[in-house]
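Now for the letters of each chain:
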Number of protein chains: 2
Amino acid sequence: MFPSVRVKVRNLDPCQQYYVAMDVMPVDSKRYRYVYHSSQWMVAGNTDHSCISPRLYVHPDSPCAGETWMRQVISFDRVKLTNNEMDDKGHIILQSMHKYKPRVHIIRQDPRLDLSQIQSLPSEGVHSFCFPETEFTTVTAYQNQQITKLKIDRNPFAKGFRDPGRNRYGSRTCPQNTRQRDPRGSAGLTTETGHQIKCLRVAGQSRAEFHTSQN
Amino acid sequence: MFPSVRVKVRNLDPCQQYYVAMDVMPVDSKRYRYVYHSSQWMVAGNTDHSCISPRLYVHPDSPCAGETWMRQVISFDRVKLTNNEMDDKGHIILQSMHKYKPRVHIIRQDPRLDLSQIQSLPSEGVHSFCFPETEFTTVTAYQNQQITKLKIDRNPFAKGFRDPGRNRYGSRTCPQNTRQRDPRGSAGLTTETGHQIKCLRVAGQSRAEFHTSQN
DNA sequence: CAGTTACCACCTAGGTGCTAATTT
DNA sequence: AAATTAGCACCTAGGTGGTAACTG
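Because the structure is predicted, anything quoted here is derived from the model rather than measured. Counting restarts for each chain, with residues numbered from 1 along the sequence as it is written. To label them, take the chains in the order written and letter them from A, then take the ligands in the order written and number them from 1. Under the rules for a predicted model, residues below a pLDDT of 70 receive no local features and side-chain atom pairs below 80 are neither given nor counted, while totals for whole chains, interfaces and linings still include all residues. Values shown for side chains rest on all heavy atoms present in the structure; no hydrogens or waters enter the calculation.

Visitor: How should I be thinking about the overall build of chain A in this particular structure?
Guide: Counting its secondary structure elements, chain A contains two helices and 13 strands. We call a residue buried when its accessible area falls under 20% of the maximum for its residue type, exposed when it is over 50%, and partly exposed in between, using a 1.4 Å probe and counting protein chains only. Out of the 215 residues belonging to chain A, those deemed buried represent 37%. Note on contacts: a residue pair qualifies if any of its non-hydrogen atoms lie within 4.5 Å across the two residues. Within chain A, residue pairs in contact and separated by at least 24 positions form 77% of the contacts whose partners lie at least 6 positions apart. Reported accessibility uses the Shrake-Rupley method at a 1.4 Å probe radius. Residues are deemed covered only where the shown protein chains occlude them. In the form shown here, chain A has an accessible surface area of approximately 13500 Å², with 48% of it arising from carbon and sulfur atoms. Every helix listed is a DSSP run of H or I at least four residues long, and every strand listed is a run of E at least two residues long, numbered separately from the N terminus.

Visitor: Help me out: how do you make sense of the pattern of salt bridges in this one?
Guide: Pairing is possible between side chains of opposite charge, provided their charged atoms come close. Residues and elements named next belong to chain B. Only one rule defines a salt bridge in this text: a Lys or Arg side-chain nitrogen within 4 Å of an Asp or Glu carboxyl oxygen. Tallied over the full model, the rule gives eight salt bridges over all chains. For the salt bridge of Asp-23 with Arg-103, the shortest nitrogen-to-oxygen distance reads 2.9 Å. A residue pair is termed long-range when its members are at least 10 positions apart, and Asp-23 in strand S2 (residues 17-26) and Arg-103 in strand S10 (residues 99-108) qualify at 80 residues.

Visitor: How do you make sense of the packing of aromatic side chains when you look at a structure like this?
Guide: Here a ring pair, both rings aromatic, is described through the centre-centre distance and the interplanar angle of the planes. All names here are of chain A. Under the pairing criterion, centres of Phe, Tyr and Trp rings, with the six-membered ring standing for Trp, must be within 6.5 Å; the plane angle then separates stacked pairs below 30 degrees from edge-to-face pairs above 60, leaving the rest tilted. Under the definition given, this model contains six aromatic pairs over all chains. Note on Tyr-100 and Phe-136: the rings are 6.3 Å apart at their centroids and 35° apart in plane angle, and the pair reads as tilted. Residue Tyr-100 is located in strand S10 (residues 99-108), and its partner Phe-136 is located in strand S12 (residues 136-137); the two are separated by 36 residues in the primary sequence. Phe-136 shares its class with Tyr-100; the two are buried. The ring of Tyr-32 carries Lys-99 above its face, with NZ or CZ at 4.6 Å from the centroid. Only when the NZ atom of a Lys or the CZ atom of an Arg is both within 6 Å of the ring centre and within 35 degrees of the ring normal do we say a charge sits over the ring.

Visitor: Mind showing me how you'd approach the environment of Gly125(A) here?
Guide: With respect to the element layout, Gly125(A) can be found in the loop between S10 and strand S11 (126-130). For Gly125(A), a relative accessible area of 15% translates into the label buried.

Visitor: Looking at this model, I keep getting lost on a positive patch on the surface. Mind explaining?
Guide: Each patch is assembled from residues with relative accessible area greater than 30% and no salt bridge, linking like charges that lie within 9 Å and nonpolar side chains (Val, Leu, Ile, Met, Phe, Trp, Tyr) that lie within 5 Å. Charge assignment: positive for Lys and Arg, negative for Asp and Glu; neither His nor the chain ends contribute. One atom stands in for each charge, and that atom is NZ of Lys, CZ of Arg, CG of Asp or CD of Glu. Together, Arg78(A), Lys80(A), Arg78(B) and Lys80(B) make up a region of like positive charge exposed at the surface. By secondary structure assignment, the location of Arg78(B) is in the loop between strand S7 (74-75) and strand S8 (81-82).

Visitor: Looking at this model, I keep getting lost on the state of the cysteines. Mind explaining?
Guide: Here, disulfide denotes a covalent bond that connects the sulfur atoms of two cysteines. Defined by distance alone, a disulfide is two cysteine sulfur atoms within 2.5 Å. Inspection of the entire model under this criterion finds zero disulfides over all chains. The thiol of Cys64(B) is not disulfide-bonded; the next cysteine sulfur, from Cys15(B), is found 12 Å away.

Visitor: Looking at this model, I keep getting lost on the confidence of the model for chain A. Mind explaining?
Guide: Residue and element names in this part refer to chain A. For every residue, the pLDDT score states the predictor's confidence, bounded by 0 at the bottom and 100 at the top. With 74% of its residues at a pLDDT of 70 or more, chain A has an overall mean of 78. The least confident element of chain A, judged by mean pLDDT, is strand S13 (residues 208-209) at 42; the most confident is strand S7 (residues 74-75) at 96. In the model, residues 166-195 has pLDDT below 50 throughout and makes 26 contacts with residues more than four positions away in sequence or in other chains. Here residues 197-215 is a poorly scored stretch, pLDDT under 50, and it has 68 contacts once near neighbours within four places are set aside; other chains count.

Visitor: Could you clarify how one ought to interpret the pairing of strand S4 (residues 40-46) of chain A in this entry?
Guide: Put simply, side chains in a regular strand alternate between the two faces of the sheet. Residues and elements named next belong to chain A. Of the pairings in the sheet, the one linking strand S3 (residues 30-35) to S4 comprises six bridges and is antiparallel in character. Each residue of the ladder has a partner; that of Lys-30, found in S4, is Asn-46. A pair of strands is labelled paired if DSSP reports no fewer than 2 bridges between them. Hairpin geometry of S3 and S4 is characterised by an intervening segment of four residues between the two adjacent antiparallel strands and by a positive phi of about 50° at Ser-39.

Encoded structure:
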């Protein structure tokens, strides 16, 4: 997921241990389509999200003392998204052409519970936070060229698509080779789905901040 | 460090949380040199290790329930060694031309202590294990061609040095370019020191096993 | 037709031993 | 003379968007 969600935390107990986690919630129950000539997302149908419990991404530094969490910017740059409902790699499962918003959870460690393999949120000791500016729309192919440009400009892994002066990208190098495609389902491995960020701030440009009182 | 140390654990409390860690201890206080014509390591001087407290490598899966530790082979394939005494990357610091043996520690989690950033071993709740066959001698340049061959054959990252049929390795591709070397200390970044394994079993070929009674 | 996927060239990031240059 | 280091070509591993092929 790029740009990645980055947060700062305040007012934790410095000596208390916390887990920090992220999940992604549906914004509504609508399916969208992009209308090119008006550059707008329009409602295109309904979806029932109610039967799906979202997957939880636990920050790899967890568990960690409040002091340490507060001293650093907490970056979720390893979060992976997929549209494969059968995913077995622990990625966050989303449906394409829908709107979502990330949630960040600060979870106080409970010595009575084994949280080392937490799959879902505990019922107490959790504070959750949303940031409206991080809402985004999922796609399998980019609809909006400004998003494509933002990603290519900002993501180090997309460096190969910058610098149109050396125009060797964008057209296939070996167009004479007709590629053969595997029969559907032959391998069955998950392909990472592209995703489109609507308003999420670019990592390094600005940082979401929030405060939590004690907890 | 390759080959990497790999262990199995038994008789842990399935519900108890444990840290697993490794450090590397001097075998003796001798400096060695390799006598090529007799293919032997000979004592070449004395060293005082007593003032150095060895660095601890905490396995990245820590902390974790005993049940989980026992279910898997615990591999220390991310351990990094250096001969730079000023190292600030947390690597294990060793002296070249000395003999060492890895130690594996099973550390029962103590709720009273914050072990999330452990730098040294607690005074209690620790069981430590050595395996004679993992003893090795440190070098900055390989002395023994059998070791070089073992590493090239077994380490995926050394694949470029296999297959002498395509003999494009081993001799410089551009010998006409006389390389300029930076003045000493200009950058100062740590270089990973090569290291020579004497008897350590090859990962995947055999596995060290040990048992611990309760704890 | 719109949406999705497989495959690709192109990157980042970093782990190998080899060799020449340098240090001790 | 012996030990160490920097830079190198060559790998593994995996993150990018573009494109053609495929799906429904």
